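# A closer look at the structure
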Amino acid sequence: MDLRVKAVFIILFFIAVSASAQINIGAAESPIVLEGDYNKPMVYEIGGITTSGTKSLDPSTLIALTGIKVGDQITLPGERINKAVKKLWEQGILSDIKVYATKVEGKYLFINFQLTEKPRLSKFSFSGISKGQADDLREKISLVRGRVVNDALVRNTENTIKKFFDEKGFRNAKVTIAQEEDPSLKGSVLLKINVKRGDKIKIKPLNFEGNLSYTDEQLRRKFKETKEKRSWRVFKSSKFRRKEYEEDKEKLIAFYNSQGFRDAAIVQDSIYDVDKKSIGLTIRVEEGKKYYFRKIDWTGNFLYEEKYLSQVLGIKRGDVYNLENLEKRLNYNPSGADVTSLYMDDGYLFFSIEPVEVLVDGDSIDLEMRVYEGSQATINRIKIAGNDKTNDHVILREIRTLPGQKFNRSLLIRTNRELATLGYFDPEQIGMNPRPNYNDGTVDIDYSLVERPSDQIELSGGWGGFFGFVGTLGLTFNNFSTKNILKKWDPLPSGDGQRLQLRGQANGRQFQSYSFSFTEPWIGGKKPHSFTISFNHSIQRRLERFGGRQLGKLGISGITLTLGRRLKVPDDFFILTNSLSFLIYQLDNFGQFGALNVTKGTLNNVFFNTTVSRNSLSDPIYPRTGSNVSLSLSLTPPYSVWSRLSTSEDPAERFRWIEYYKVMFDNSWFMKLAGKLVLNARSHFGFLNSYSATLGAPPFERFSMGGDGLAGFNFLLGTDVIGLRGYQNASINPVETFAGTSSRVRSNGTAFTKHVMELRYPLSLNPSATIFMLTFLEGGNNWLSSQEFSPFRIYKSAGVGARIFMPAFGLIGFDWGYGFDPLVPGGERSGSNFHFIIGQQIR
């Protein structure tokens, strides 16, 4: 071997050995000390560069990373090789680096980087945890097949797993990650992740120090997620989670600030072990002085006088210095007026206000409200994104902020509500982004939407008592499009906001019911005038027990045409609906219908209904605020005025043309109590009577009360079914005496009342599965006549329940209720009853 080649080889060997040694001990950042004579360095020109030892890495890329290229001059000993090794090492993909001279030709030096790749991930597995926890962790850790396994990857994986279990209350979880060679794939490793969760850590005790104005218990209530372990606490966990603990500390300071303690602070908090399963928390607070508002001045206001702005602000001299209330009164007050809405509802989008403390004197603070009014902004352009299924015109007709109008924040918020109540979009993800253009005084508004399934299928079976098993199939298309029927179905013609509903029930020959309805919410496309047409046909047969021969039947067929329109007075939450219906009741030896002894004949019912309703609910599935109030009146022609039918001895002839008037009132209010906890209060009234005292109330259109309120599974044709949990279906019905006899029978009523109080709390607001729990108190009664009506004589009950809404199946619920009152005087209480709920119950 040539002497020069030997010398270069020896120099590079020492460089590689030095680099490898320092790398192996984790000190790649330190300068590499060359073993050579620095007094007589040798200068070479790189004639060629090669790599060896790698399989999956690109040689040209590796050479480029070294920073050395053919034609470069290097000095040996020198720093170029040292820097090249360092650059390769910094990539984190190599476990060993050696540099050799392959040959020397005159001034040209040829070098080779002998490299050893770090192993790559083949597979990973968990042990010590459940399959569900393992599945959740796979989504959180960044372990992908083929990724280089280095110390950083292992460390990050370990930390992610520990954090995952720490959030679930396993504060002392241990994670061990072992690497094993994969015999089926050379250069790859298997990661065996073993987790020892340990005991779930509970909080006991949670104490405070330095709190002079409030007790420990009062402050503990301000911690919404960090709760002390108590034997009676069932619905709230006492697990320790660091993130929620930090958020609760911020809420504690926010509480102090809202009570006038402007300088309140947490000066120290300690976490200590009580035992293997418990930790203690001690929080030291420094309350500081309690402050009050004194003088409030306004500057920069030209549109409104100082007196009027102070009136809208609603803060007076001597009020507690509440920063939270001040912020709400200035910028956004969901339950009343605020200063910002005063300006922004009149187009002043660029408005801003800054409260400045100008003087702190003892316990009093003077403020100066610095107002910048700016100019009015005109809406320039509306942009909609995310409506992959719903057509633009369906959304645009609900938008209240139109191009050319002045900007209005209240109308922007109202638009959010209108889009949410359509039911086509996830209400939690409706985005509204005003983008002001300061140069020309305009604003563009971007609406971002996320479609959610809105069509529903009902496929169910239930036990119908006398009717046995009854199957139900229902289809509801809430975003239908008749215009697209002749076009490609994908999978259904949709996008125009129309509603098509088909439903059928049957158990064979004994009971059958079919219905169809179609609604166009904007008939003509220009105004919010709705049109609905619906058909229904139901039949019940009395069959011979053996042989199935028909003994009698009751059939009801009907058609209804409905027109509705949105009103502007008193406000545009009001809707007026008018409908005309024609029903035919066909009885053929069906049996006595109540005490009226109607067994055979054809009865006709033509009635007009008018309904005034106001719906301001914040969400159709889980409302937090708003109300839904309706008053309806149904009228038939007064046949008894010009006909003698009312004096006929034959009940079928007397009721051949059914005569009545019917009044219904429904009232439902929602109020957010705290966080996600919502109170729902409902009241319902109904009255039915005839124009003629001689004729009396008709046999149909009466009220049946008790149970789950599911008309579809009560099979009471021609009857309004009113639910009352805690009692059996149709159990709260009055007793009626047959005309001319002493026989008595339980019949449907002509007057009812019902009152409900519900507390609701959501477990999930995910649009694919909205779940909430509820507890209720309710009471109601059903009377034979309006003269017997007594609003305070009611049957009472209480209970708990749950609801789940899935777009494909609608709302499904399960309730347990306890009836406190006996159905007959001196009898036993109704007691415990379970109820299955399908759909939104109106009453």
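What you are looking at is a predicted structure, and each value in this text was computed from that prediction instead of being measured.

Along its length, the protein chain carries 14 helices and 36 strands. Buried residues in the protein chain amount to 45% of all 843 residues. In the protein chain, 59% of the contacts between residues at least 6 apart in sequence involve partners at least 24 apart. As displayed, the protein chain has an accessible area near 42900 Å², and 54% of this comes from carbon and sulfur atoms.

To continue, consider the packing of helix α2 (residues 59-66) against helix α3 (residues 80-90). Interhelical geometry of α2 versus α3 gives an angle of 125° and a closest axis separation of 8 Å. The orientation of α2 relative to α3 falls into the category oblique. Touching Leu62, Leu65 and Thr66 of α2 are Ala84, Lys87 and Leu88, all from α3. Classifying every residue of the contact of α2 with α3 by side-chain character gives four nonpolar, one polar and one charged.

Residue placement: Asn604 occurs in strand β24 (residues 600-615). In this view, Asn604 contacts Phe582, Leu583, Ile584, Arg656, Trp657 and Ile658; residues no more than four positions away in its chain are not counted.

Moving on: the packing of aromatic side chains. Under the criterion given, the structure shown has 31 aromatic pairs. On the numbers, 6.3 Å between centres and 45° between planes, the contact of Phe607 with Tyr660 is tilted. Pair noted here: Phe607 is in strand β24 and Tyr660 is in the loop between α14 (651-654) and β26 (661-674), with a separation of 53 residues, a long-range link. Residue classification places Phe607 among the buried positions, given a relative accessible area of 13%. Given a relative accessible area of 1%, Tyr660 falls into the buried group. Relative to Phe772, the ring of Tyr622 lies with its centre 5.2 Å away and its plane at 55°, an arrangement referred to as tilted. One end of the pair, Tyr622, is in the loop between β24 and β25 (626-635); the other, Phe772, is in strand β33 (residues 769-783), and 150 residues separate them in sequence. Classification of Tyr622 by relative accessible area gives buried; the value is 2%. Its relative accessible area of 2% is what places Phe772 among the buried residues. Taken together through their ring pairs, the aromatic side chains of Tyr304, Tyr308, Tyr343, Tyr348 and Phe351 make up a single cluster. Stacked on the ring of Phe110, the Lys or Arg Lys103 has its end atom at 4.7 Å from the ring centre. Above the ring of Tyr291, the side-chain terminus of Arg262 is found at 5.3 Å from the ring centroid.

What follows concerns the sheet that holds strand β10 (residues 278-286). Reading across the sheet, the three strands line up as β8-β10-β9 and stay open at both edges, with mixed pairing between neighbours. The sheet is open, and its two borders are formed by β8 (202-209) and β9 (265-275), each paired with just one other strand. On average, adjacent strands in this sheet sit at an angle of 20° to one another, irrespective of strand direction. As defined by bridge partners, β9 adjoins β10 across nine bridges and the pair is classed as antiparallel.

A grouping of Val800, Phe814, Trp816, Phe834 and Phe836 is seen on the molecular surface, where their side chains present a nonpolar patch of about 500 Å² in accessible area. For the nonpolar patch, the secondary structure elements donating two or more residues are β35 (810-822) and β36 (829-838). By secondary structure assignment, the location of Phe834 is in strand β36.

Take helix α7 (residues 242-258) next. In this model, α7 (17 residues) spans 25 Å end to end at C-alpha, consistent with the 24 Å of a helix rising 1.5 Å per residue. Looking only at α7, the buried set comprises Tyr245, Asp248, Lys249, Leu252, Ile253, Phe255, Tyr256, Asn257 and Ser258. In this structure, the buried side of α7 is in contact with β8, α6 (216-220), β9, β10 and α9 (323-330). Gly260 sits one or two residues past α7 and shows a positive phi near 95°.

So, about the nonpolar core. By size, the foremost hydrophobic cluster in this structure holds 25 residues, and its most contacted members are Ile81, Leu109 and Phe113. Looking at this core, the elements with two or more residues in it are β1 (42-52), α2, β2 (73-76), α3, β3 (94-105) and β4 (108-117). Leaving out residues up to four positions away in the same chain, Phe113 has contacts with Ile49, Thr50, Thr51, Ser52, Thr66, Ala84, Leu88, Lys98 and Val99. Phe590, Met664, Phe703 and Ile722 belong to the second largest nonpolar core, which has 23 residues in total.

Below, the discussion takes up the packing of helix α4 (residues 131-140) against helix α5 (residues 151-167). Running from N to C, α4 and α5 point in directions that differ by 130°, and their axes come no closer than 10 Å. Taken together, the axes of α4 and α5 lie oblique to each other. Like other packed secondary-structure pairs, α4 and α5 cross with a definite hand, here right-handed. Where α4 approaches α5, its residues Gln133, Asp136, Leu137 and Lys140 are matched on the opposing element by Thr160, Ile161, Phe164 and Phe165. Along the lines of polarity and charge, the residues of the contact of α4 with α5 split into four nonpolar, two polar and two charged.

Together, Lys140, Lys163, Lys168, Arg197, Lys200 and Lys243 make up a positively charged patch on the protein surface. Structurally, Lys163 can be placed in helix α5. Overall, Lys163 belongs to the exposed group, its relative accessible area being 54%.

Right, let's get into the environment of Ala265. Tracing the backbone through its elements, the reader meets Ala265 in strand β9. Sequence spacing of Ala265 and Glu250 is 15 residues, and the spatial spacing of their C-alpha atoms is 9.5 Å. Beyond its immediate chain neighbours, meaning those up to four positions away, Ala265 contacts Ile253, Arg284, Val285 and Glu286.

Attention shifts here to the environment of Tyr639. Position of Tyr639 relative to the elements: it lies in helix α13 (residues 639-642). On the basis of relative accessible area, Tyr639 is assigned to the buried category, the value being 11%. Along the primary structure Tyr639 and Ser692 are separated by 53 residues, whereas in three dimensions their C-alpha atoms are 9.2 Å apart. In this view, Tyr639 contacts Val606, Trp657, Ile658 and Glu659; residues no more than four positions away in its chain are not counted.

For Asn733, the position within the fold is in the loop between β29 (719-722) and β30 (735-737). The class of Asn733 is buried, set by a relative accessible area of 8%. A polar side-chain atom of Asn733 sits 3.3 Å from a polar atom in the side chain of Ser704. Within polar-contact distance, the side chain of Asn733 engages the backbone oxygen of Ala730 at 3.4 Å. The residues contacting Asn733, other than those within four sequence positions of it, are Phe703, Ser704, Met705, Arg746, Ser747, Asn748 and Asn782.

A word on the confidence of the model for the protein chain. Of the residues in the protein chain, 88% have a pLDDT of 70 or more, and the chain-wide mean is 84. With pLDDT under 50 throughout, residues 3-36 is counted as low confidence; its partners more than four residues away or in other chains account for 53 contacts.

A separate point is the pattern of salt bridges. Under the definition given, this model contains 45 salt bridges. As a salt-bridge pair, Glu158 and Lys162 come within 3.3 Å of each other at their nearest N and O atoms. Of the two residues, Glu158 and Lys162 are both situated in helix α5; the distance of four residues between them amounts to about one turn of the helix. By relative accessible area, which is 24% here, Glu158 ends up partly exposed.

About the criteria used
- Residues numbered from 1 in each chain as written.
- Predicted model: local features only at pLDDT ≥ 70, side-chain atom pairs only at ≥ 80, totals over all residues.
- Heavy atoms only, no water.
- Helix = DSSP H or I, 4+ residues; strand = E, 2+ residues; numbered from the N terminus.
- Buried < 20%, exposed > 50% of the residue type's maximum accessible area, 1.4 Å probe, protein only.
- Contact = heavy atoms within 4.5 Å.
- Areas by Shrake-Rupley, 256 points an atom, 1.4 Å probe, with all protein chains shown as cover.
- Axes fitted to C-alpha atoms, helices over the stretch in contact; angles between N-to-C directions.
- Parallel < 35°, antiparallel > 145°, perpendicular 65-115°, else oblique.
- Nonpolar A, V, L, I, M, F, W, Y, C, P; charged D, E, K, R; others polar.
- Phe/Tyr/Trp six-rings, centres within 6.5 Å; stacked < 30°, edge-to-face > 60°.
- Lys NZ or Arg CZ within 6 Å of the ring centre and 35° of its normal.
- Pairing = 2+ DSSP bridges.
- Patch = residues over 30% accessible without salt bridge, like charges linked within 9 Å, V, L, I, M, F, W, Y side chains within 5 Å.
- Salt bridge = Lys/Arg side-chain N within 4 Å of Asp/Glu carboxyl O.
- Expected span 1.5 Å × (residues − 1).
- Core = buried A, V, L, I, M, F, W, Y, C linked by side-chain atoms within 4.5 Å.
- Left-handed = near helix turned anticlockwise from the far one by under 90°.
- Lys, Arg positive; Asp, Glu negative; His and termini not counted.
- Charge placed at Lys NZ, Arg CZ, Asp CG, Glu CD.
- Polar contact = N/O pair within 3.5 Å; in protein donor to acceptor, adjacent residues only side chain to side chain.
- pLDDT = per-residue confidence, 0-100.

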